[in-house]
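One letter stands for each residue in the lines below.
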Amino acid sequence: MLVTLFVSCGKSPEEKANALIEKEVKKALYHPETYDPVETRIDSAFTPFDDPAFYEKTVQLYKLGMSVDEYESKMKRAKSSMSIWTGPYLSAFGRNEYQEAKGEYNENAKNKKDAEKKLEKLIEELKIIMDEERQFIGFKARHRYRANNNVGKTVFGEMEFLFDKDMNRIIAVYDMDNYEYKAVQTIYKLMLNEDAQKEVKGFDYSESLGE
């Protein structure tokens, strides 16, 4: 639910949030003077999904998944090369090409296996955290604004902010248009399914980038 309480100083949570947000957003703008807030939606923040530490672990999960996909692609290319350089009448050059492809295949197979082990371990860590009791950790806000970019064109931006319990400081900032943020949100949705582990394991990491 959206926060409706008012703080002792007389400012609403939205007013306090917007004051902090404006300072933060303007730091990254090419033309800070063009900053124009559009909407701020505030809600309570709870573990695990609003916790920056959980977010970072999920980013690690995403990157490991991408690594596994990359190693698998390299293995397929190496295997294809090996199939080309096979046969009883290979030249010295052909035999050398085959050995190089085989070495590349073996190296990427090992790297894939290591990454999958790390992935399994991280999934188990995240499952344990998810089983813990939810804790209130502060407030979060989704903020939409417009401002001029580096060529002077007015564009929209959307960011998510995490505040402390007193809403006196910003703990974390996320660009909601960033591919990494979108990938994490997709994984979060999968984690909320009953068969979370199976879903995350089967997640197509390249799909999250629209590739």
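Described in the following lines is the structure provided in the data block. (Residues numbered from 1 in each chain as written. Predicted model: local features only at pLDDT ≥ 70, side-chain atom pairs only at ≥ 80, totals over all residues. Heavy atoms only, no water.)

Here's the deal with the overall build of the chain
Selection rule: Working definition: helices are DSSP H or I runs of at least four residues, strands are E runs of at least two. Numbering for both runs from the N terminus. Whether a residue is buried, partly exposed or exposed follows from its accessible area with a 1.4 Å probe, protein chains only, as a fraction of its type maximum: under 20%, in between, or over 50%, in that order. Residue contacts are defined here by distance: any two heavy atoms, one from each residue, within 4.5 Å place the two residues in contact. A 1.4 Å probe and the Shrake-Rupley method give the accessible areas. Residues count as covered only by the protein chains that appear here.
The helix and strand tally for the chain stands at five helices and four strands. Secondary structure of the chain in N-to-C order comes out as α-β-α-α-β-β-β-α-α. Looking at the chain as a whole, 33% of its 211 residues qualify as buried. Here the analysis covers contacts within the chain between residues at least 6 apart in sequence; of these, 68% occur between residues at least 24 apart. Counting every atom, the chain has about 13,400 Å² of accessible surface; 49% of that belongs to carbon and sulfur.

Remarks on the sheet that holds strand β3 (residues 154-163)
Spelled out, the test is: Two strands are counted as paired when DSSP detects at least two bridges linking them. For every element, the axis is a line fit to its C-alpha atoms; helices are fit only across the contacting stretch, and the angle between N-to-C directions ranges from 0 to 180 degrees.
Strand order in the open sheet formed by four strands is β1-β2-β3-β4, and the pairing between neighbours is antiparallel. Every interior strand has two partners, whereas the edge strands, β1 (36-46) and β4 (170-175), have only one. The mean angle between the axes of side-by-side strands here comes to 20 degrees, regardless of whether they run parallel or antiparallel. Relative to strand β2 (residues 136-148), β1 runs antiparallel, the two sharing ten bridges. Looking at the pairing, S44 lines up with F139 of β2.

Remarks on helix α2 (residues 52-84)
The condition is simple: How far a helix is expected to stretch is found by multiplying one less than its residue total by 1.5 Å. Within 3.5 Å is the distance limit for a polar contact, defined as a pair of N or O atoms, with the added protein rule that one can donate a hydrogen and the other accept it, and that residues adjacent in sequence qualify only through two side-chain atoms.
Helix length check: α2 (33 residues) gives 48 Å between terminal C-alpha atoms against 48 Å at 1.5 Å per residue, within 8%. Listed in full, the buried residues belonging to α2 are F54, Y55, T58, V59, L61, Y62, L64, G65, V68, M75, A78 and M82. One side-chain oxygen at the N-terminal end of α2 lies 3.0 Å from the backbone nitrogen of A53; it belongs to D51.

Digging into the nonpolar core
The condition is simple: As used in this record, nonpolar core signifies buried Ala, Val, Leu, Ile, Met, Phe, Trp, Tyr and Cys residues forming a set joined through side-chain atoms within 4.5 Å.
Of all hydrophobic cores here, the largest spans 23 residues; its most connected members are Y55, L61, L119, L126, Y188 and M191. Counting residues per element, the ones that place at least two in this core are α2, α3 (92-131), β4 and α4 (179-191). For L126, the residues in contact, after removing those within four places along its chain, are F54, K57, T58, L61 and M191. The next biggest cluster of nonpolar side chains, apart from the first, holds 14 residues, and it includes A17, V25, I42 and M167.

Some thoughts on the environment of F139
Mapped onto the elements of the fold, F139 is located in strand β2. Assessed through its relative accessible area of 10%, F139 is described here as buried. F139 sits 32 residues away from I171 along the chain, and the two C-alpha atoms are 9.8 Å apart.

Let's talk about the environment of D131
Tracing the backbone through its elements, the reader meets D131 in helix α3. Owing to a relative accessible area of 67%, D131 belongs among the exposed residues under this scheme. Taking the C-alpha atoms as reference points, D131 and P48, separated by 83 residues in sequence, lie 9.2 Å from one another.

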